[in-house]
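What follows is the residue order along each chain.
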Amino acid sequence: MPESMRYIQAVNAALTWALDSRDDTVYFGEDVAIPNGPFGATKGLHKRFGAGRIFDTPISETGFLGMALGAAMTGMRPIAEIMYADFAFVAMDQIVNQIANIRYSSGGRWKAPLVIRMQQGYSPGACAQHSHSPEAYFAHTPGLRLALPATADDAYQMLRTAVTVDDPVIVAEARMLYPIAGEVRTDVPVEPMGGARVLREGPDVTVVAWSRMVPAALEAAETLAAEGIRAEVIDLRWLNPLDFETVGASVSKTGRLVVAHEANLTGGFGAEIAARVADECFEDLRSPVARVAAPDVPMPAAPVLQQAVVPEAVHVADTVRRTVHW
Amino acid sequence: MPESMRYIQAVNAALTWALDSRDDTVYFGEDVAIPNGPFGATKGLHKRFGAGRIFDTPISETGFLGMALGAAMTGMRPIAEIMYADFAFVAMDQIVNQIANIRYSSGGRWKAPLVIRMQQGYSPGACAQHSHSPEAYFAHTPGLRLALPATADDAYQMLRTAVTVDDPVIVAEARMLYPIAGEVRTDVPVEPMGGARVLREGPDVTVVAWSRMVPAALEAAETLAAEGIRAEVIDLRWLNPLDFETVGASVSKTGRLVVAHEANLTGGFGAEIAARVADECFEDLRSPVARVAAPDVPMPAAPVLQQAVVPEAVHVADTVRRTVHW
Amino acid sequence: MDLPDTYRAMARIRRFEERLMALKESGEIPGSIHLCNGQEAIPVGACGVLREDDYVSATYRGHGWAIARGVGLAALFAEMMGRDSPISGGRAASPYLSDASRNFIGENSIVGAGVPIAAGAALTAKHRGHGAVSVVSIGDGAMNQGNVHEALNLAAVLDLPMVLVVENNVYSEMSRIEDMVRVHRLSERAAGYGIPGTVVDGNDVDAVTAAMAQAVGRAREGSGPSLVEAMTERLVGHYSGDAQQYRPAGEVAAAKEREPLARIRQAADAELTARLDTIEAEIAAEIDAAVTAARAIPFPDPATVTEHVHA
Amino acid sequence: MDLPDTYRAMARIRRFEERLMALKESGEIPGSIHLCNGQEAIPVGACGVLREDDYVSATYRGHGWAIARGVGLAALFAEMMGRDSPISGGRAASPYLSDASRNFIGENSIVGAGVPIAAGAALTAKHRGHGAVSVVSIGDGAMNQGNVHEALNLAAVLDLPMVLVVENNVYSEMSRIEDMVRVHRLSERAAGYGIPGTVVDGNDVDAVTAAMAQAVGRAREGSGPSLVEAMTERLVGHYSGDAQQYRPAGEVAAAKEREPLARIRQAADAELTARLDTIEAEIAAEIDAAVTAARAIPFPDPATVTEHVHA
Ligand SMILES: Cc1ncc(C[n+]2csc(CCOP(=O)(O)OP(=O)(O)O)c2C)c(N)n1
Ligand SMILES: Cc1ncc(C[n+]2csc(CCOP(=O)(O)OP(=O)(O)O)c2C)c(N)n1
Ligand SMILES: [Mg+2]
Ligand SMILES: [Mg+2]
């Protein structure tokens, strides 16, 4: 029976499931145990599982991500929490040069089954150092898996998948979606990794989005439907493994592509989707591939400025219109 | 009068010029002063300018990149050296969250006129931790400028430009090109920042490359010419500021694009070029946009494996053929 | 500074923070805020021994440092309201603001990241040779970040004129420092860099002043960096939305007996008390005026949003 | 281990490195190599007190650790020749190899980065509760990296069974450690983490053994991490191409008087000398055989180059 819960509660439920399922799963990060997590994601876990399974670390992201790797290599299944995705840059060496490399560089003799949980994106009034959407950095790093759940159900299912597979997985949640509730299927088996999802079918244009831009894309599609534009909306969900097949099949049908993400435009992962479509779906394309993204600025803090850069449903809708009426 | 020198000597000449031109330029990094630099880039500078202008730091990339930022904000023009581009990940927070942000986040009240010199790319037998081509990470970071010189002359000119502008600039050199000599124009004024360069004109296909892939693209173009395929080769030079105009004009003429870089394919900066072309040159395109890049693997150390992933002239030529004969 | 002036300087910070919290609650401050209530003696004592050409850096909990450094209250309020303030133009807000005109290098929202940057300001000071000093404040929890380690060693090796002030308020967010290190005092780490480390009662503005005078003097004369650990307590939550359930009963109440303003009040005779009351009234007016002035500053023009990314 | 065995263990490493350098010079080793000539007593002393289920990590200068840990010589040669070795399949080469079958977590080519990873192995050991220990070696220069600082504090706070061995060979690449820190001994930093720190003559294998026995014993019984600083000297350059112009005249010659093998030779009587000569001959044969065996290992199949990125 699906249960209705908020995105952040679904994270909590998945973590409870993870710690329950395997004794060798440990959870650590800053303020995650005794204080129940800065956003409540780990609420009740310390009480339930004790200090041997979940504990608070010093403010040492490089230290504890490296610790996660060493623990994973030697047989545990750690989950480490980076409080804001922005802080991943402090520990980028452990992510790029260590965690992503070890399986390949040992010819498969070591594995690193660990999960790095983080949450990303802007929120009103937050400064540039608390607003990054860094998925493109991770997606360009071979060896990492990358999950960006956009719904409460996916927050639950994708995190469960992440803790189950034998690869290092970054699960980047969307802070702005934490309060949003949805039906969560707590009674289904763990899903296999990967797979984009067609959330809405339509013959006119393909809209590919992930994370916070998924509800924005759906909202745009609703608006557009009233105008007679029938958009197909795809939630990409996993950037690695990348389900390009679903995207390609859709574009082959619609002949038009709009990709939407919150990260800034240049070098964003939208470029990768656009580039593949421009290669693999070239003959089917009926209008230029378009991207919706923040312009190339660090995120400003003032809401009036944020509103001038953060992509929303209205920008998706505008871009779709331009693409369809091209 | 142009002088013939190796790429690495041109770097040395530009650094000498920089330290000579301004008293507030200081240079620091690991083994750069007394030992004359791990690749000889700083040869003779310590002797000539003394410990007040060039000094060796502890192995503390985060520490000394932050120091570069603070010095730049308060009126100096520091140049900091990251020995291998791979080590930038150790200091990524200072690059992404600090150096790139400060001008914007202060509404232009602070500036950060500093240069980070590094060298990148694979070399025979080097491991995954000494082989990165991380330009896509930096190009996705608003606030940074990014220079990738491909010739001795550009190693000289672009580094001089970098130390002259008021923005933070990453100059990522190509280790494999260090021994290659060329004519260096030591007698010209400092060039303005930016600007791609059409190195070879041709009506059939546009090949965009940077760094080590520039000589590879030229070699491919030579081979192709013998087969009657006339490629236009563009050295992109600066990824930020990006001279898309030159690329766009060329593709509008040729109708075909091949982008080549050594970094791995997915999320590489080639995607950005391809995505823009698929948007802005859509009507002119006569075949799918194509990319030449390493596959999505960490760099293996064994030469037989490196040869199986590192893109070379032959791969550029093959891809051009496929694109032209599509 | 004499006592009433010190009181004024500290009370200005306290009342600023209190008003800020009220503005947050009434919806006028969009982002989250990290207040320094109880820690005022540290920036006031420190900035009291500084010259105009010295450099100051702090953390997201740095409003007190900005104010002690002379950054205008209206500008600060405006910045945090998301207005086009003259200091950061609304781009930085509460946790990342700076003021170039006051050599206030700024706050930083990445734990510890300001210390390497402060070392850079110290490098400039050393290069210029005019005896300027770079003072940087961090929290206790920040001592476990690699950036602080690297910067301290760098400053030591290069004899940089830098003073690191560790404001030990015994918590990093919701975690106790005693669970995060195995040393009694964080300043014990100074020895590992070959620099002096001292502990001072951070609620005693005179003690802070004395310790900072020594450390800053040392740096000014070219003898290199030092570390001052100031013991203090947060009278409020880590940030505006912190319910503080993790704090033992009575902890905050006890801290209120020891905090820098209460301490002066407790020892004050009737005459001084009257004087302090007057100061409080003056500050209240100053804060009111600053809020009014801040509200008169317009919001940034969205058309400028892509400016200032580059030169 | 008795003296001849210790000598054998150390000489095996020395001759391995010497042969490796010869292979490098004759073009059989594609990448650059970082030799540990002169530092052999440290891995031999350390690994001598370890159990099979303990974990070992090192740096790019870690061939000695691999060998002392029992990793096969042929496998090592093959890996460095870019062949499909049974340890890392030619993917890692000299500076990043590992051997999962020997719990040799591996080398690391990012300075200091192995220490947090070793802390993770120690976390596993602690979680399992069987008394296994995680030993990790770094160089003197690495002590200034943030990752080492963070990992040491983390290990201290979590009481992890980890021993950090700092091989102080007084240089980081071409820079002298005395120019890179303001402490006399790096182990002085241990106090800042609340853990024991000792200095030992790293050229004296018995002294290393004793110090490691104590540190490892402490970790095994659940009393947490410690730091052992082993003073030593490089008899060779930082890497294969290092001309060492930065080293003062006579430095290497003096070091050759003190290095671990010479030290044993100097004190040896005729009988022992003869015994050691025999051992050397056996090792020479062992190395020859290993090179031959390595050469028999094929190069990796390029068709497999995209394998092992993911599970
Ligand atoms: C690198 C990094 N990690 C984590 C955080 C989240 N964070 C913000 S404040 C804080 C606690 C800092 O504690 P302390 O240094 O004692 O300073 P205080 O807040 O007590 O002034 C943490 C963990 C951050 N901002 N940056
Ligand atoms: C993060 C990082 N910075 C710089 C380097 C380049 N580098 C390789 S070895 C080395 C010196 C290390 O010295 P030390 O720690 O004393 O070890 P040793 O080589 O003497 O064994 C440096 C700077 C690196 N590999 N990683
Ligand atoms: Mg604190
Ligand atoms: Mg060394």
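Model, not experiment: these values are computed from the prediction. (Residues numbered from 1 in each chain as written. Chains lettered and ligands numbered in written order. Predicted model: local features only at pLDDT ≥ 70, side-chain atom pairs only at ≥ 80, totals over all residues. Heavy atoms only, no water.)

Draft legend 1. Broad picture of the overall build of chain A. On a plain count of helices and strands, chain A comes out with 12 helices and 14 strands. Each principal axis of the C-alpha atoms in chain A carries an extent, and together these give about 60 × 45 × 45 Å. Classification of the 326 residues of chain A by burial places 72% in the buried group. Total accessible area on chain A stands at roughly 9000 Å², and carbon and sulfur atoms take up 51% of it. Distance from the positive charge centre (27 side chains) to the negative charge centre (38 side chains) of chain A: 3 Å. (Helix = DSSP H or I, 4+ residues; strand = E, 2+ residues; numbered from the N terminus. Buried < 20%, exposed > 50% of the residue type's maximum accessible area, 1.4 Å probe, protein only. Areas by Shrake-Rupley, 256 points an atom, 1.4 Å probe, with all protein chains shown as cover. Lys, Arg positive; Asp, Glu negative; His and termini not counted. Charge placed at Lys NZ, Arg CZ, Asp CG, Glu CD.)

Draft legend 2. Representation of the interface of chain A and chain B. Listed by partner, the interface residues are 49 residues for chain A and 49 residues for chain B. Between chain A and chain B, a total of about 4200 Å² is buried, with carbon and sulfur atoms accounting for 62% of that surface. Counting the contacts that link chain A with chain B gives two salt bridges. Across the pair arginine 291 of chain B and glutamate 272 of chain A runs a salt bridge, and its minimum N-O distance is 2.9 Å. By residue number, the principal contributor to the side of chain A that touches chain B is helix H10 (residues 269-280) of chain A, which donates eight residues. Partitioning the side of chain A that touches chain B into residue classes produces 27 nonpolar, 13 polar and nine charged. (Contact = heavy atoms within 4.5 Å. Buried area = accessible area lost by both parts, 1.4 Å probe. Salt bridge = Lys/Arg side-chain N within 4 Å of Asp/Glu carboxyl O. Nonpolar A, V, L, I, M, F, W, Y, C, P; charged D, E, K, R; others polar.)

Draft legend 3. Examining the domain arrangement of chain A more closely. Residue and element names in this part refer to chain A. For chain A, the assigned domains read domain 1 (3-184) and domain 2 (197-324). Domain 1 and domain 2 are separated by 26 Å when their C-alpha centres are compared. Contact with domain 1, which involves 29 residues of that partner, is made by 26 residues of domain 2. Both faces combined, the contact of domain 1 with domain 2 buries some 2100 Å², and carbon together with sulfur accounts for 60% of it. Contact with domain 2 buries surface across domain 1, with Tyr122, Glu135 and Leu148 losing the most and accounting together for 24% of the total. At the boundary of domain 1 with domain 2, the tally comes to two salt bridges. The residue arginine 237 makes a salt bridge to aspartate 154 at a minimum N-O spacing of 2.7 Å. Taken together, the links from domain 1 to domain 2 amount to 14 residue pairs in polar contact (both at pLDDT 80 or more). Those elements giving two or more residues to the side of domain 1 that touches domain 2 turn out to be helix H6 (135-139), strand E6 (145-147), helix H7 (152-164) and strand E7 (169-174). For the side of domain 1 that touches domain 2, a count of residues per class yields 19 nonpolar, seven polar and three charged. (Domains from an automatic or database assignment. Polar contact = N/O pair within 3.5 Å; in protein donor to acceptor, adjacent residues only side chain to side chain.)

Draft legend 4. Geometry of the site of ligand 2. Residues in close proximity to ligand 2 total 21 residues, the closest being Glu61 of chain B together with Tyr60, Arg61, Ser109 and Gly141 of chain D. At a separation of 2.9 Å, a nitrogen atom of ligand 2 approaches a polar backbone atom of serine 109 of chain D. With respect to ligand 2, the side chain of asparagine 169 of chain D contributes an N or O atom lying 2.9 Å from an oxygen atom. In isolation ligand 2 offers 580 Å² of accessible surface; the protein chains occlude 97% of this area. Tallied by class, the residues present in the shell around ligand 2 amount to nine nonpolar, seven polar and five charged. (Near = heavy atom within 4 Å.)

Draft legend 5. Inspection of the packing of aromatic side chains at higher detail. A full pass over the atoms with the stated rule returns 23 aromatic pairs over all chains. With a centroid separation of 6.3 Å and 85° between ring planes, the pair formed by phenylalanine 28 of chain A and phenylalanine 64 of chain A is classed as edge-to-face. Within this pair, whereas phenylalanine 28 of chain A is found in strand E2 (residues 27-29), its partner phenylalanine 64 of chain A is found in helix H3 (residues 61-73), the two being separated by 36 residues in sequence. On the accessibility criterion, phenylalanine 64 of chain A (0% relative accessible area) is buried. Ring plane angle 75° and centroid distance 5.9 Å describe the contact between tryptophan 210 of chain B and phenylalanine 269 of chain B, whose orientation is recorded as edge-to-face. With a gap of 59 residues between them, tryptophan 210 of chain B in the loop between strand E10 (205-209) and helix H8 (213-226) and phenylalanine 269 of chain B in helix H10 (residues 269-280) connect regions that are remote in the sequence. Given the relative accessible area of 1%, tryptophan 210 of chain B is considered buried. What links up through ring pairs into an aromatic cluster is the set Tyr7, Phe39, Tyr84, Phe87 and Tyr178 of chain A. Above the face of the tryptophan 17 of chain A ring, arginine 160 of chain A is positioned so that its terminal group lies 5.0 Å from the ring centre. (Phe/Tyr/Trp six-rings, centres within 6.5 Å; stacked < 30°, edge-to-face > 60°. Lys NZ or Arg CZ within 6 Å of the ring centre and 35° of its normal.)

Draft legend 6. Quick look at the coordination of the magnesium ion (ligand 4). Residue and element names in this part refer to chain D. On the protein side, the magnesium ion (ligand 4) has Asp140 (OD), Asn169 (OD1) and Tyr171 (O) as donor atoms, found 2.0 to 2.1 Å from it. Written as a sequence motif, the donor residues of the magnesium ion (ligand 4) are D-x28-N-x1-Y. Taken as a pair, aspartate 140 in the loop between strand E3 (134-139) and helix H6 (146-157) and tyrosine 171 in strand E5 (residues 171-172) lie far apart in primary sequence, 31 residues in all. In this structure tyrosine 171 comes out as buried when scored by relative accessible area, which is 3%. (Donors = N, O, S within 2.8 Å, 3.2 Å for Na, K, Ca; no water.)

Draft legend 7. Region of the structure containing the site of ligand 1. Around ligand 1, 21 residues are found, and the nearest of them are Glu61 of chain A together with Tyr60, Arg61, Ser109 and Gly141 of chain C. In the model, an oxygen atom of ligand 1 is placed 3.0 Å from a nitrogen or oxygen of the aspartate 140 of chain C side chain. Between an oxygen atom of ligand 1 and a main-chain N or O atom of alanine 142 of chain C, the distance comes to 2.9 Å. In the complex, 97% of the free accessible area of ligand 1, which totals 580 Å², lies under the protein chains. Classifying every residue of the shell around ligand 1 by side-chain character gives nine nonpolar, seven polar and five charged.

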